[in-house]
Amino acid sequence: MTEILVLYYSRNGNVASMAQQIGRGIESVKGIKARIRTVPTVSTDCEASKDSIPESGPPYVQHEDLVECSGLALGSPTRFGNMAAPLKYFLDSTSDAWLSGTLIGKPAVVFTSTASLHGGQESTLLSMMLPLFHHGMMILGIPYSESELFTTTGGGTPYGASHTAGQDDALELSEDEKKLCFALGKRLADVTSALSS
Ligand SMILES: Cc1cc2nc3c(=O)[nH]c(=O)nc-3n(C[C@H](O)[C@H](O)[C@H](O)COP(=O)(O)O)c2cc1C
């Protein structure tokens with residue numbers, strides 16, 4: 001079974017909801033399974049601030065996940081137009097994968113959630129791509145043949161999936177946002193499948 005790593009950080013659950021939709025899109029492709037993983041929060045006073053197993057939700061990512069999976073969907077909430085520190089902290093620990101070329105040639109997509117409509121979705125998505133380029137990954141976006149890119153009044157960009165969660169993070173994924181998450185996951189799985197065969 002070919003697996004795709006869906007790796008995200010989420011504090012209030014919006015990026016986690018997107019990860020589920022992307023996972024559905026991934027698993028709509030025959031022979032492809034989504035391996036969903038998260039990262040612990042980081043603390044300014046102590047590196048090992050969390051138990052090694054999360055209280056709920058998916059397990060924390062291990063470096064072997066990068067080796068074993070054939071593609072990557074990377075998700076983070078916006079933090080001032082950039083990715084959140086816990087995800088960046090994990091990426092900053094991937095020098096071994098970079099040195100050994102583990103991710104070279106593997107396809108990748110990115111996804112994010114913001115509070116406000118113009119709060120930095122595109123800048124976050126583009127900044128999340130940068131370390132993946134350094135790793136030699138092949139970055140995929142969403143083509144405009146997905147008509148929801150034209151009709152969405154919330155998230156959804158050609159650079160990756162996004163969600164506008166509202167000031168109190170209470171807005172659920174809209175139908176357009178869900179469809180674009182699914183389409184992105186499916187596209188990643190289709191390309192991963194083609195590259196694996
Ligand atoms: C420190 C900090 C910075 C943030 N910066 C932005 C921002 O620049 N633009 C924005 O729209 N939302 C910003 N937010 C809001 C989160 O990105 C937003 O609530 C997101 O939907 C949370 O995703 P989650 O539910 O998966 O944790 C920020 C939140 C925090 C805590």
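Heads up: the structure comes first, above all this text.
Computed from a prediction, not measured in an experiment: that's the story for all the values here.

> So what about the pattern of salt bridges? Which residues, and what values?
Evaluated as defined, the whole model comprises 7 salt bridges. Taking the shortest distance from any N to any O, the salt bridge between D65 and R37 comes out at 3.6 Å. Of this pair, D65 sits in helix α2 (residues 63-68) while R37 sits in strand β2 (residues 32-38), and the two are 28 residues apart along the sequence. Note on accessibility: D65 and R37 belong to one class, buried. We note a salt bridge from D92 to K88, for which the minimum N-O separation is 3.1 Å. According to the relative accessible area criterion, K88 is partly exposed, its value standing at 38%. A cluster of three or more residues bridged by salt bridges with shared partners is formed by E3, R35, R37, D65 and E68.

> How would you summarise the environment of F111 if you had to cite specific residues and measurements?
When you line up the elements, F111 lands in strand β4 (residues 107-114). Taking C-alpha positions, F111 is 8.1 Å from C181, a pair spaced 70 residues apart along the chain.

> A description of the site of the ligand should follow, citing residues and the corresponding values.
Around the ligand, a shell composed of 18 residues is seen, among which S10, R11, T78, S113 and G119 lie nearest. With respect to the ligand, the side chain of D169 contributes an N or O atom lying 2.8 Å from an oxygen atom. Coverage of the ligand by the protein amounts to 81% of the 640 Å² it exposes when considered alone. Of all the secondary structure elements, the ones that give two or more residues to the shell around the ligand are α1 (14-27) and β4. Split into classes, the residues belonging to the shell around the ligand amount to 5 nonpolar, 10 polar and 3 charged.

> Describe in detail the pairing of strand β1 (residues 2-8), supporting the description with residues and values.
The two faces of the sheet receive side chains in turn, since in a regular strand these alternate between them. Most of β1 is tucked away, with 7 of its 7 residues classed as buried. Examined bridge by bridge, β1 and β2 share 7 bridges and lie parallel to one another. Across the sheet, the residue bridging to L7 is R37, located in β2. What joins β1 to β2 is α1, and the crossover it makes is right-handed. Bridge analysis of β1 against strand β3 (residues 71-77) gives 5 bridges, and the strand direction is parallel. Note on β3: the bridge partner recorded for L7 is L74.

> So what's going on with unusual backbone geometry? Residues and values would help.
In this structure, F80 is a non-glycine residue whose phi angle is positive, near 50°. As for its placement among the helices and strands, F80 is situated in the loop between β3 and α3 (85-91). Of note in this structure, D169 is not a glycine but carries a positive phi near 65°. By secondary structure assignment, the location of D169 is in the loop between β6 (161-164) and α7 (175-196). Using a relative accessible area of 26% as the deciding quantity, one classes D169 as partly exposed.

What counts, and where the lines are drawn
Every residue gets a number counted from 1 within its own chain, in the order that chain's sequence is written. The model is predicted, so local features are restricted to residues of pLDDT at least 70 and side-chain atom pairs to those at 80 or more, both for listing and for counting; the totals for chains, interfaces and linings are taken over all residues. In computing side-chain values, all of the structure's heavy atoms are included and hydrogens and water are not. The working definition used for a salt bridge is a side-chain nitrogen of Lys or Arg within 4 Å of a carboxyl oxygen of Asp or Glu. Here a strand is any run of E in DSSP of at least two residues, a helix any run of H or I of at least four, and the numbering for each starts at the N terminus. The buried label applies to any residue whose accessible area, calculated with a 1.4 Å probe on protein chains only, is under 20% of its type's maximum; exposed applies above 50%, and partly exposed to all values in between. We call a residue near a molecule or strand whenever a single non-hydrogen atom of that residue lies within 4 Å of it. Here a polar contact is recorded for every N or O atom pair within 3.5 Å, except that within protein the pair must consist of a potential hydrogen donor and a potential acceptor, and residues adjacent in sequence are included only if both atoms are side-chain atoms. Here the open area of atoms and residues is found with the Shrake-Rupley method and a 1.4 Å probe, where only the protein chains shown may cover a residue. Each residue is assigned to one class: nonpolar for Ala, Val, Leu, Ile, Met, Phe, Trp, Tyr, Cys and Pro, charged for Asp, Glu, Lys and Arg, and polar for all the others, Gly among them. One requirement defines pairing of two strands: DSSP has to find at least two bridges between them. By convention, a crossover is right-handed whenever its connection, traced from the first strand over the helix to the second and viewed with the strands pointing away, goes clockwise.

Any link to function would need more than the numbers given here.
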